[in-house]
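If you want the building blocks of each chain, they are given just below.
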Amino acid sequence: MSSGWLLPVDARLVTPETHRQVLDGVTIETMGANPPHALAHTEAAHVFRGCLAPGFAAAVDMLTRLNAGTDLAPDVSVFPAAPDPVTGRRQLEHITFEVCDSEDTAHVTDKARRFTARGVRRVFYVQVRQRT
């Protein structure tokens, strides 16, 4: 899924592996998760790793360039494993999951809107405390 006017999804605003994301040009420090959140990451990743359709891959906390000033990482992503046939770069996620323990619902909703505006087909919100 390539669009000429959008920046490549793998064009970084921050260095990967630095626990940083960028939202509207502001760098955000991200921290490691507490056990309920971190355990839910593992469960979500485990579910998708075992049932992916051929040609798809899953990743945890992979940065995605959403627009000129935003480079965010969904908790779990499902995306085509092959590079984009036109650009040779990573393709956009088809599905993302946000695993939330104490995160503000408004923040997660904003993040979901940004991913869908970029073209992500489905965004799921996993609430750890309610097990939903």
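Scroll up for the structure.
Residues numbered from 1 in each chain as written. Predicted model: local features only at pLDDT ≥ 70, side-chain atom pairs only at ≥ 80, totals over all residues. Heavy atoms only, no water.

Student: Which parts of the structure should I look at to understand the nonpolar core?
Tutor: Soluble globular proteins tend to pack their nonpolar side chains together in the buried interior. Counting residues in each nonpolar core, the largest one holds seven residues, listed as V9, L23, L66, L72, L92, F115 and V120. Of all hydrophobic cores here, the second largest spans six residues; its members include F48, V76, V78 and F97. (Core = buried A, V, L, I, M, F, W, Y, C linked by side-chain atoms within 4.5 Å. Buried < 20%, exposed > 50% of the residue type's maximum accessible area, 1.4 Å probe, protein only.)

Student: Where do I start with the sheet that holds strand β8 (residues 122-127) in this structure?
Tutor: Pairing in this open sheet of four strands is mixed, and the strands run β3-β6-β7-β8 from one edge to the other. Each of the sheet's edge strands pairs with one partner strand only, and the pair in question is β3 (56-60) and β8. Neighbour-to-neighbour, the strand axes of the sheet open up by a mean angle of 15 degrees, direction not taken into account. Here strand β7 (residues 95-100) pairs with β8 via six bridges, running parallel. (Pairing = 2+ DSSP bridges. Helix = DSSP H or I, 4+ residues; strand = E, 2+ residues; numbered from the N terminus. Axes fitted to C-alpha atoms, helices over the stretch in contact; angles between N-to-C directions.)

Student: Got a minute to help me understand the pairing of strand β2 (residues 26-29) in this structure?
Tutor: Within a regular beta strand, the side chains point alternately toward one face of the sheet and then the other, so they alternate between its two faces. When strand β1 (residues 20-23) meets β2, the two strands line up antiparallel, connected through four bridges. Bridged to R20 within β2 is E29. Hairpin connection, β1 to β2: the antiparallel pair is bridged by two residues, and D24 has positive phi, about 50 degrees.

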